[in-house]
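# Structural description and commentary
So you can see what is in the structure, the chains are spelled out below.
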Amino acid sequence: MKWFGIGLSVLLCLYIALHTALSPALPTGEIPANLKLPQSRKFLLSFSYQPPVWSEKAFAETFDFIGQKSDMIAHFGDDGIPWEEALRKKPYPESFEKDIQRRIKNKKPKQKILLTCNPVNTDRVSPALNWGEKGQEPLPKRWAAKKWGDEELTQAFINHCLELISRFQPDYFCYAFEVNAEFHLQSKAKQAAFVSFLKEVYSAIKAKHSTLPLFVEVVLGNDAYMKERWKITKAVLRYSDLIGVSTYPYVYDTVANDGSKMPKNWFERLRENVPGKAIAVSETGFLGGDFLHPKGTWIPGRGRVMVLGSEKSQASYLQFLLQEAHRLDFEFINWWAWRDLDALWEQIKTHKSFENPMWGMWNR
């Protein structure tokens, strides 16, 4: 298993240049000669808790690495909600409880926590699936009929958020993510119902945790992508203390495999459209190797490639990202994975939820 994209060497060197508390034991690699970094920084550097394979050994390695090499760990919850248990305030299913306890137990001293919980399914429109005894499962009949604005749905999610906050004691809490991705295609009534849902959740959590930064995350894409989504983006960010950002620029043809092609105003557009809020990059990454896909273009010696990737390109994006974080005074940056996920992909790709090869785009 190789390190994430660029062997993580350049990534770590760049992080280390900004983080003097990191371990002196470095992977091979050099800081680019043209790199100009400030003497200090205000923003936090973070990795998501994303094990490179599903095993107890990988879990431990992931916790240890993040604890040693960053300021913060990010816990993402996008696999479903124990809806009935949350509504009734009953014990969670054993599989869910085990996962929570593992994460809390492995918190490192002085480590900050970004905690996220998504009420929205992976279609980024409908309510999240259920988390049952065997993990993610379809919604029970009575929950499948519920729409945004349903009192029980709203209360169950509020209860769930408050329970997680109480147990994790996070420094930041994201209560919905990638929520501008598909809602622009929904009717005005459905959009309004979802925004109203966010308002109720935000108000309920703030009433209990007035100083905890709460935010929703939006996808940041190229200009063509955002043109259709600025309206819903502005609407959901009304109930957000920060501008949470999910951005993977290589998925757009205007950038693709060349990190040096990053538009200079990539992040600044957020300030122009949603003024007065700090930017927090809650998830990002850039391909350090080719994205292989059965329908990709055949390239001799490389295989069927849908998006080319390289270490140099990834390093260019990361340099841009860090410089923009300093220039625009970001709250934090969270890099999605600390190692390549090829082995994990081989382990899970036959599961029904991951049959689409496009999930492999985030492997490296």
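The structure this text deals with has already been given above.
Read on for an overview of the structure.

Here is what the cut-offs are and how they apply
- Residues numbered from 1 in each chain as written.
- Predicted model: local features only at pLDDT ≥ 70, side-chain atom pairs only at ≥ 80, totals over all residues.
- Heavy atoms only, no water.
- Salt bridge = Lys/Arg side-chain N within 4 Å of Asp/Glu carboxyl O.
- Helix = DSSP H or I, 4+ residues; strand = E, 2+ residues; numbered from the N terminus.
- Buried < 20%, exposed > 50% of the residue type's maximum accessible area, 1.4 Å probe, protein only.
- Axes fitted to C-alpha atoms, helices over the stretch in contact; angles between N-to-C directions.
- Left-handed = near helix turned anticlockwise from the far one by under 90°.
- Contact = heavy atoms within 4.5 Å.
- Polar contact = N/O pair within 3.5 Å; in protein donor to acceptor, adjacent residues only side chain to side chain.
- Core = buried A, V, L, I, M, F, W, Y, C linked by side-chain atoms within 4.5 Å.

### What about the pattern of salt bridges?
- Counted according to the given criterion, the structure contains 21 salt bridges.
- Notably, a salt bridge pairs Arg 88 with Glu 152, separated by 4.0 Å at the nearest N-O pair. Of this pair, Arg 88 sits in helix H4 (residues 83-88) while Glu 152 is found in helix H7 (residues 151-168), placing the two residues 64 residues apart along the sequence.
- You can call Glu 152 partly exposed: its relative accessible area is 25%.
- Among the salt bridges present, the one from Arg 142 reaches Glu 152, with a minimum N-O distance of 2.7 Å.

### Here we look at the packing of H7 against helix H8 (residues 188-208)
- The interhelical angle for the contact between H7 and H8, taken along N-to-C directions, is 35°, at an axis separation of 10 Å. H7 and H8 meet at a crossing whose hand is right-handed. On H8, the residues touching Thr 154, Phe 157, Ile 158, Cys 161, Leu 162 and Ile 165 of H7 are Phe 197, Glu 200, Val 201, Ala 204, Ile 205 and Lys 208.

### Structural notes on the environment of Asp 241
- Within the element layout of this structure, Asp 241 appears in the loop between helix H10 (230-236) and strand S8 (242-247).
- Residue Asp 241 is classed as partly exposed on the basis of its relative accessible area, which comes to 27%.
- Linking Asp 241 and Ile 279, residues 38 residues apart in sequence, is a C-alpha distance of 9.6 Å.
- Beyond its immediate stretch of four places on either side in the chain, Asp 241 contacts Tyr 202, Lys 206, Leu 212, Pro 213, Leu 214, Phe 215 and Lys 277.
- A distance of 2.5 Å separates polar atoms of two side chains, one belonging to Asp 241 and the other to Tyr 202.

### Let's talk about the side chain of Ser 246
- Here Ser 246 lies in strand S8.
- What makes Ser 246 buried here is its relative accessible area of 1%.
- Other than its neighbours up to four places away in sequence, Ser 246 contacts Glu 178, Glu 217, Val 218, Val 219, Leu 220 and Glu 283.

### Section: the environment of Pro 138
- Examined against the element boundaries, Pro 138 turns out to sit in the loop between strand S5 (135-137) and helix H6 (141-144).
- Of the residues examined, Pro 138 reaches a relative accessible area of 65% and is grouped as exposed.
- Separated by 58 residues in sequence, Pro 138 and Gly 80 have C-alpha atoms that sit 9.2 Å apart.
- Those residues in contact with Pro 138 that sit more than four places away from it in its chain are Leu 129 and Asn 130.

### Focus on the nonpolar core
- Core analysis: the biggest nonpolar cluster contains 101 residues, and Phe 173, Tyr 175, Val 236, Phe 267 and Phe 330 have the highest contact counts within it.
- Residues in contact with Phe 173, not counting those within four places in the same chain, are Leu 115, Cys 117, Cys 161, Ile 165, Ile 205, Leu 212, Pro 213, Leu 214 and Phe 215.

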